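# Tertiary structure, described
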Number of protein chains: 2
Amino acid sequence: MSTPRATAVAERIGRLGTETAFAVSAEAGEWMRLGHTVYPFHLGDMDLPTPENIVDAAFRAIRDGKTGYCPNGGIPELREALAADVSASHDVAYAAENVAVQPGGKPVIEKFLLTLMDPGDEVLYPNPGFPIYESQIEFLGGVAKPYGFVPGEKNFLLDFDAIEAAITPRTKLLIFNNLHNPTGAESPDEEIQALAELAQKHDLCVLSDEAYWDVRYSGRSRSIASQPGMRERTVILYTFSKKYAMTGWRLGGAIGPRDLIAHIATLNVNQESCTTHFIQWAGVEALTGDQSGAEGILRVLRERRDAAVDLLRQIPGVDCYRPDATFYLFPDVTGLMERKGLATYDELRRAALEQTGVSFCTRLHFGRALPGEQKAYVRLAYSGISTELIREGLGRLKDWAR
Amino acid sequence: MSTPRATAVAERIGRLGTETAFAVSAEAGEWMRLGHTVYPFHLGDMDLPTPENIVDAAFRAIRDGKTGYCPNGGIPELREALAADVSASHDVAYAAENVAVQPGGKPVIEKFLLTLMDPGDEVLYPNPGFPIYESQIEFLGGVAKPYGFVPGEKNFLLDFDAIEAAITPRTKLLIFNNLHNPTGAESPDEEIQALAELAQKHDLCVLSDEAYWDVRYSGRSRSIASQPGMRERTVILYTFSKKYAMTGWRLGGAIGPRDLIAHIATLNVNQESCTTHFIQWAGVEALTGDQSGAEGILRVLRERRDAAVDLLRQIPGVDCYRPDATFYLFPDVTGLMERKGLATYDELRRAALEQTGVSFCTRLHFGRALPGEQKAYVRLAYSGISTELIREGLGRLKDWAR
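This structure is a prediction, so every number in the text was calculated from the model and none was measured. (Residues numbered from 1 in each chain as written. Chains lettered and ligands numbered in written order. Predicted model: local features only at pLDDT ≥ 70, side-chain atom pairs only at ≥ 80, totals over all residues. Heavy atoms only, no water.)

### What to know about the sheet that holds strand 13 (residues 361-362) of chain B
Residues and elements named next belong to chain B.
- Pairing in this open sheet of three strands is antiparallel, and the strands run 11-14-13 from one edge to the other. Edge positions in the open sheet fall to strand 11 (328-329) and strand 13, since each of these has one partner strand only.
- Where strand 11 lies against strand 14 (residues 378-381), two bridges are found, and the strand directions are antiparallel. If you follow Leu 329 over to strand 14, its bridge partner there is Leu 380. (Pairing = 2+ DSSP bridges. Helix = DSSP H or I, 4+ residues; strand = E, 2+ residues; numbered from the N terminus.)

### Concerning the sheet that holds strand 13 (residues 361-362) of chain A
- Here three strands make up an open sheet; going across it, the order is 11-14-13 (chain A) and the pairing antiparallel. Every other strand in the sheet has two partners, leaving strand 11 (328-329) and strand 13 of chain A as the edge strands with one partner each.

### Details of the pairing of strand 14 of chain B
Residue and element names in this part refer to chain B.
- Burial of the side chains of strand 14 extends over both faces: Val 378 and Leu 380 are buried on one face and Arg 379 and Ala 381 on the other.
- Relative to strand 14, strand 13 runs antiparallel, the two being bridged by two bridges. When the sheet's bridge partners are listed, Thr 362 is paired in strand 14 with Val 378. (Buried < 20%, exposed > 50% of the residue type's maximum accessible area, 1.4 Å probe, protein only.)

### Digging into the confidence of the model for chain A
- The pLDDT averaged across chain A works out to 96; a share of 99% of its residues lies at or above 70.
- For this predicted complex, the interface confidence score (ipTM) comes to 0.96, while the overall pTM stands at 0.97. (pLDDT = per-residue confidence, 0-100.)

### Observations concerning the pairing of strand 10 (residues 252-255) of chain A
Residues and elements named next belong to chain A.
- The alternating pattern of strand 10 places Gly 252 and Ala 254 and Gly 253 and Ile 255 on opposite faces, both of which are buried.
- Relative to strand 10, strand 2 (residues 99-102) is paired through four bridges, and the arrangement is antiparallel. Bridge assignment links Ala 100 to a residue of strand 10, and that residue is Ala 254.
- With four bridges connecting them, strand 9 (residues 234-239) and strand 10 associate as antiparallel partners. Its bridge partner being in strand 10, Ile 236 is matched across the sheet by Ile 255.

### Brief notes about empty space enclosed by the protein
- In this structure the tally under the stated criterion is nine cavities of 30 Å³ or more.
- Space inside the largest cavity adds up to approximately 90 Å³.
- The wall of the largest cavity is formed by 13 residues, among which Pro 103 and Thr 276 of chain A together with Pro 103, Arg 250 and Thr 276 of chain B lie closest to the centre.
- Here the residues of the lining of the largest cavity sort into five nonpolar, four polar and four charged. (1 Å grid on protein atoms, 1.4 Å probe; cavity = no way out; pocket = protein on both sides within 12 Å on 5 of 7 lines; lining within 4 Å. Points joined across faces, edges and corners; volume = space filled by probe spheres on them. Nonpolar A, V, L, I, M, F, W, Y, C, P; charged D, E, K, R; others polar.)

### Looking at the interface of chain A and chain B
- Every contact between the two is made by 80 residues of chain A and, on the other side, 80 residues of chain B.
- Roughly 6300 Å² of surface becomes buried between chain A and chain B when both sides are summed, with 53% attributable to carbon and sulfur atoms.
- Taken as a group, Arg 5, Tyr 69 and Asn 270 of chain A account for 11% of the area that chain A buries against chain B, more than any other trio of residues on that side.
- Linking Asp 56 of chain A and Arg 63 of chain B is a salt bridge whose minimum nitrogen-to-oxygen distance equals 3.5 Å.
- Linking chain A with chain B are 42 residue pairs in polar contact (both at pLDDT 80 or more), by the criterion used here.
- Those elements giving two or more residues to the side of chain A that touches chain B turn out to be helix 2 (52-63), helix 4 (106-116), helix 5 (131-139), strand 7 (171-176), helix 8 (258-271) and helix 9 (277-288) of chain A.
- When its residues are assigned to classes, the side of chain A that touches chain B shows 34 nonpolar, 28 polar and 18 charged. (Contact = heavy atoms within 4.5 Å. Buried area = accessible area lost by both parts, 1.4 Å probe. Salt bridge = Lys/Arg side-chain N within 4 Å of Asp/Glu carboxyl O. Polar contact = N/O pair within 3.5 Å; in protein donor to acceptor, adjacent residues only side chain to side chain.)

### Here's the deal with the side chain of Glu 191 of chain B
All names here are of chain B.
- Here Glu 191 lies in helix 7 (residues 189-201).
- In terms of polar contacts, Glu 191 uses its side chain to reach the side chain of Ser 187, at 2.6 Å.
- With residues up to four places along the chain from it excluded, the contact list for Glu 191 reads Leu 157, Leu 158 and Phe 160.

### Re the environment of Leu 116 of chain A
- Mapped onto the elements, Leu 116 of chain A comes out in helix 4.
- Along the chain, Leu 116 of chain A and Gly 252 of chain A lie 136 residues apart, while their C-alpha atoms are 20 Å from each other.
- Beyond its immediate sequence surroundings of up to four residues, Leu 116 of chain A is in contact with Asp 121, Lys 172, Leu 173, Cys 205 and Leu 260 of chain A together with Ala 6, Thr 7, Ala 8 and Ala 10 of chain B.

### Remarks on the relation of the copies chain A and chain B
- For the pair chain A and chain B, the superposition axis carries a translation of 0.0 Å, the fit reaches an RMSD of 0.0 Å, and the rotation angle comes to 180°. A rotation of that kind, with that shift, is consistent with a two-fold axis. When each C-alpha of chain A is compared by its distance to the rotation axis, Phe 59 of chain A comes out closest, at 3.5 Å.
- A high fraction, 100%, of the interface residues of chain A reappear at the interface in chain B, so the copies pair face to face through one surface. (Least-squares fit on C-alpha atoms with pLDDT ≥ 70 in both.)

### As for the packing of helix 1 (residues 21-33) of chain A against helix 12 (residues 345-356) of chain A
Residues and elements named next belong to chain A.
- Helix 12 packs onto helix 1 with a crossing angle of 30° between their chain directions and a minimal axis gap of 11 Å. Classed by the angle they form, the pair helix 1 and helix 12 counts as roughly parallel. Judged by the sense of rotation from one axis to the other, the crossing of helix 1 with helix 12 is right-handed. Packed against helix 1, whose contacting residues are Val 24, Glu 27, Ala 28 and Trp 31, the element helix 12 presents Arg 349, Arg 350, Leu 353 and Glu 354 at the interface.
- Split by residue class, the contact of helix 1 with helix 12 holds four nonpolar, no polar and four charged. (Axes fitted to C-alpha atoms, helices over the stretch in contact; angles between N-to-C directions. Parallel < 35°, antiparallel > 145°, perpendicular 65-115°, else oblique. Left-handed = near helix turned anticlockwise from the far one by under 90°.)

### Some thoughts on the side chain of Thr 356 of chain B
All names here are of chain B.
- Checked against the element boundaries, Thr 356 lands in helix 12 (residues 345-356).
- The class of Thr 356 is buried, set by a relative accessible area of 1%.
- A polar contact of 2.5 Å, which involves the side chain of Thr 356, links it to the backbone oxygen of Ala 352.
- Reaching out from Thr 356, the side chain makes a polar contact with the backbone nitrogen of Val 358 at a distance of 3.1 Å.

### Focus on the pattern of salt bridges
Residue and element names in this part refer to chain A.
- Following the criterion strictly, the structure yields 54 salt bridges over all chains and no others.
- Salt-bridge contacts for Arg 170 lead to Asp 121; the nearest nitrogen and oxygen are separated by 3.0 Å. With Arg 170 in the loop between helix 6 (160-166) and strand 7 and Asp 121 in the loop between helix 4 and strand 3 (122-126), this residue pair connects regions lying 49 residues apart in the sequence.
- In this structure, the salt-bridge partner of Arg 350 is Glu 354, at a minimum N-O distance of 2.3 Å. Here Arg 350 and its partner Glu 354 are both found in helix 12, four residues apart, which amounts to about one turn of the helix.
- Residues joined by salt bridges that share partners form a network here, namely Glu 27, Asp 346, Arg 349, Arg 350 and Glu 354.

Okay, structure coming up:
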């Protein structure tokens, strides 16, 4: 039975990317099954439980019969709670109609692009960065224009010149992930301000990916949406995943200008009807109830960050910032690779896994290398590994490096 | 602050449809708030609780820490359970890799089209039918080619001649919703067989929307996927929503050829990471645990169907089949409209709501009228209204018609 044409995939499927980090996860799993100890720094997932009050709210909602369909853009109570939360944290006024609840943060990326990007439109996005930006831009027919980072004093900075140089008359959208995966970087005030001015000068609409907004250990998060003139051209990606250890619950939201949000909610009608009804009530409790669970999560993460940074800095050939936010580290391992005579990222990753059990992603899991890129980086996530195992694993990596 | 271009929506947004039934729901709600009784036949939602064993399984899964990410295409246990269930009911062999778990049935429509339809490809779909077919075909750049139904002896039949006549060299896909929303129709064996032959003759790939597969009161559901040669060119849309009263949980699946399912799972990576983790464990319990909950749901629905059909048949100017499946009725109301001197669907709907409280959708909520369409139909859903209120409401409609 030959079916040559019927099941031939559409041309766009050839442009669809993925998260190659899943392959690292699979390899680490395979290594474990062979009886080896693995120190999992490759995961962006969390090993911490969702706070009890949030779990209880979900249980109550199921018992109360919140198991049928609900409004496509979310229950009014959650839209209002999210609007209030983001208004307060951003010092910008949002109302319920500025919010469309989503099954996670990731759906906001697709819906932002579907709503605003025509085929051929150019979209600026960070590289290294969350790989789904590039995948969805290209899948949906846009032109992906990467911008990089340069090492700064406290952390990486945007390669601002590169951003400006990349802008053409076809550039319509800018994806900005302050509190950045994979680097943990965040922009100083003047950088955010300059980026806002650039967006207005070139009439760009911005996706502000704020997935790690509340995952911070000191200081205060800042958003491009709070800059003068930016509220009307920014869509915020909000997610409950990290702050409340709810990655597998799938709850997030798009927050932005009312007209765009209405289109995004119509995409919800078409794509998923609604986000799981009772989980939205858990979200209301997360935002408005007792915050000690979120605070506890943050305490654990801070301890892990310090343990990891302290040890990484003792490894010869490794340089590492101590980010104030996110649960990622992006150390420069150029020296380490030279010491060990390893020529490629893959050799480094395999050697570290097999000789120390430490498993991590490399720069290449977050985008193709940019022209002129000299230094080598890896990404360590400390959201899915205990402080004790961080010390043990990075201790072994240190011994190996020496 | 003028932002003329940045927030201008993409061209495709102009081609995005919606479910206009939500407007009916809003109107009925408004009428209720004014103090009137409303008999809600417009909803495809269910007023029945999810069976206890399924709820308990969800609770257990949360307590067991199933709150982190899980595989993009679904947990192996649910993929296996779904493959086993559908293999048994379809008499076709599916394995776990033939299944991609989805947040509902609706996501299968978009993912099927994204995977297989290039811009300009023609897609046959039922009209009247679930409005999202047409919306997504056009939104994603395809050409929507509707096919209708003709009254048969037991129920509506496919307008087979129209299907055949509509096929051109650009026709690539066929959407077939046996156990049909809104008519409640299902194809006799020979019709399914003829459709399967047509699909193979013209090398079409088929989306078999089986959302109501298990919502049946007598007889046995049949799938085009079970026809010789069709397994390799059919993607089944499965949903837990109706059988287990889980509409607001958002759990479903795409089942089909392994290569297509792998692409669909890569779309899951890009669009939503995964379906809610602990809800998938509830799905395992639904499929493999005690079925008395689902049986109870069916008993209630059967009673409602009979009450509704019996009363509708007493209304002068109304003709109604008694479908063996789904929870929809699609009576011919041509005579009723003539009797009452109502010229348009909207006049009928408003008059019935305001003079009897009975709220329903009309044929136009399920697609634009086809050329030559003479008779008038409305759709009554009995999934969200008790037998008592069915009798009361349709009794009032009967009095009004006389």
